[in-house]
Amino acid sequence: VDGQKYRDDANKHKKMRALFFQLSQSAHLAGDHALAQRHAKLGHEHNLKAQALDNLARDSHREEHERNNDSTILDLHGYLVHEAMVEVEAFINRHEALSVGKKEYSVDIITGAGRHSVGGRARIKPQVQKWLDEGCYKYYAFEGRFKVRLGGKARR
C-alpha cells in the first residue's frame, strides 16, 4: 500500500474523530452524559486509528524515498510537518558526521512548493528554513528545496 493511501485513510478517521467529539459536546450540553461518553469514546478510537495510519504513511514514504533517492537528497513530499522536521534533523545530523574533514559537502532537502497543501500555502518549507536559520546553517533556497552546505566552514 502506498503512503498516500494510508494518509487519506488517516484523514477520514480524523474527520470522524472531529464529528464524534462534536456530537459528544452537543450531548453533554443537552445533559445526556452517557451519550456524550459514548461519542467521546468513538472519537478517541478514531484518533488512535488516525495516528496508526499516519505512522504507516510516514514509514511508507521513508522507505520509498530511501529506495529511490540519492543518499544526499531528502524528499519530504508526503510527510506531515512534525514528521518532516524529525526527518530533517536526523538527515542533517547523519550528513554532518559524514562531512567531517571534507572541504565541500552539501545535501538537498526537497520540501515542495506547497501547491498540494491546504490553501496552496507551503507548510513544511517555512519550518525547515526556520530550523536551518536557528542552527546557523548555510543554505541556498530554491522553489521547493534547499541546498544545505555541510563540511568545511558550513555554519554562519
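For every chain, the first residue of the written sequence is number 1, and numbering continues from 1 along that sequence. It should be noted that, the model being predicted, local features are given only for residues of pLDDT at least 70 and side-chain atom pairs only at 80 or more, the latter also being counted only at that level, while totals for whole chains, interfaces and linings use all residues. To obtain the side-chain values, all non-hydrogen atoms of the structure were used and water was disregarded.

(A) Seen up close, the overall build of the protein chain. Counting from the N terminus, the helices are the DSSP runs of H or I reaching at least four residues and the strands are the DSSP runs of E reaching at least two. For the protein chain, the count of helices and strands is four helices and four strands. For the protein chain, the succession of helices and strands along the chain, N to C, is α-α-β-α-β-α-β-β. Over its C-alpha trace the protein chain gives a radius of gyration of 20 Å, far above what one expects of a compact globule, namely 15 Å for 156 residues. In terms of overall dimensions, the protein chain has a C-alpha envelope of 70 × 30 × 25 Å along the principal axes. The buried label applies to any residue whose accessible area, calculated with a 1.4 Å probe on protein chains only, is under 20% of its type's maximum; exposed applies above 50%, and partly exposed to all values in between. Looking at the protein chain residue by residue over its 156 residues, the buried ones come to 37%. Contacts in the protein chain between residues far apart in sequence, at least 24 positions, make up 56% of those at least 6 positions apart. With the model as given, the accessible surface of the protein chain reaches about 9800 Å², and the carbon-plus-sulfur share is 53%. For the protein chain, the distance from the average site of its 27 positive side-chain charges to the average site of its 21 negative ones is 4 Å. Only the C-alpha atoms count toward the radius of gyration. The rule for a globule is 2.2 Å times the residue count to the power 0.38. The criterion used for residue contact is that any of the two residues' heavy atoms lie within 4.5 Å. Residue-level accessible areas treat just the shown protein chains as cover; the underlying method is Shrake-Rupley with a 1.4 Å probe. As used throughout, the charge tally considers Lys and Arg to be positive and Asp and Glu to be negative, leaving His and the chain termini uncounted. For the purpose of locating charges, the reference atoms are NZ of Lys, CZ of Arg, CG of Asp and CD of Glu.

(B) Main features of the pattern of salt bridges. One speaks of a salt bridge when a side-chain nitrogen belonging to Lys or Arg is within 4 Å of a carboxyl oxygen belonging to Asp or Glu. Inspection of the entire model under this criterion finds eight salt bridges. In this structure, the salt-bridge partner of D9 is K5, at a minimum N-O distance of 2.9 Å. Taken as a pair, D9 and K5 lie in helix α1 (residues 3-29) at a separation of four residues, close to a single helical turn. Judged by its relative accessible area of 42%, K5 falls in the partly exposed class. Its salt-bridge partner being D108, residue R145 comes within 2.9 Å of it at the nearest N-O pair. With R145 in strand β4 (residues 145-150) and D108 in strand β2 (residues 105-110), this residue pair connects regions lying 37 residues apart in the sequence. Look at R145 and you get partly exposed, because its relative accessible area is 28%. Here D108 falls in the buried class, since its relative accessible area comes to 14%.

(C) A look at helix α3 (residues 81-99). A helix is expected to span 1.5 Å for every residue after the first. Along its 19 residues, α3 runs 26 Å from first to last C-alpha, staying within 8% of the 27 Å computed at 1.5 Å per residue. Every buried residue belonging to α3 is among E83, A84, M85, E87, V88, F91, I92, H95 and S99, and all of these are buried. Where α3 ends, the next residue or the one after it, G101, has phi of about 85 degrees, a positive value.

(D) Quick look at the environment of P126. Note that P126 resides in helix α4 (residues 124-134). You can call P126 partly exposed: its relative accessible area is 40%.

(E) View of the confidence of the model for the protein chain. In the predicted model, the protein chain carries a mean pLDDT of 88, and the fraction of residues at 70 or more is 92%. pLDDT measures how confident the predictor is about each residue, on a scale from 0 to 100. Taken element by element, the protein chain is modelled with least confidence in helix α2 (residues 33-68), mean pLDDT 89, and with most confidence in α4, mean pLDDT 95.

(F) Local environment of the pairing of strand β3 (residues 138-142). The pairing criterion is simple: DSSP has to find at least two bridges between the two strands. The sheet contact formed by β3 and β4 spans five bridges and is antiparallel. From the neighbouring strand, F142 faces β4, where its bridge partner is R145. From the end of β3 to the start of β4, which pair antiparallel, there are two residues, and G144 there has a positive phi angle of about 80 degrees.

(G) Molecular detail of the environment of D75. In this fold, D75 is placed in strand β1 (residues 73-75). In sequence terms D75 and I109 are 34 residues apart; their C-alpha atoms lie 6.0 Å from each other.

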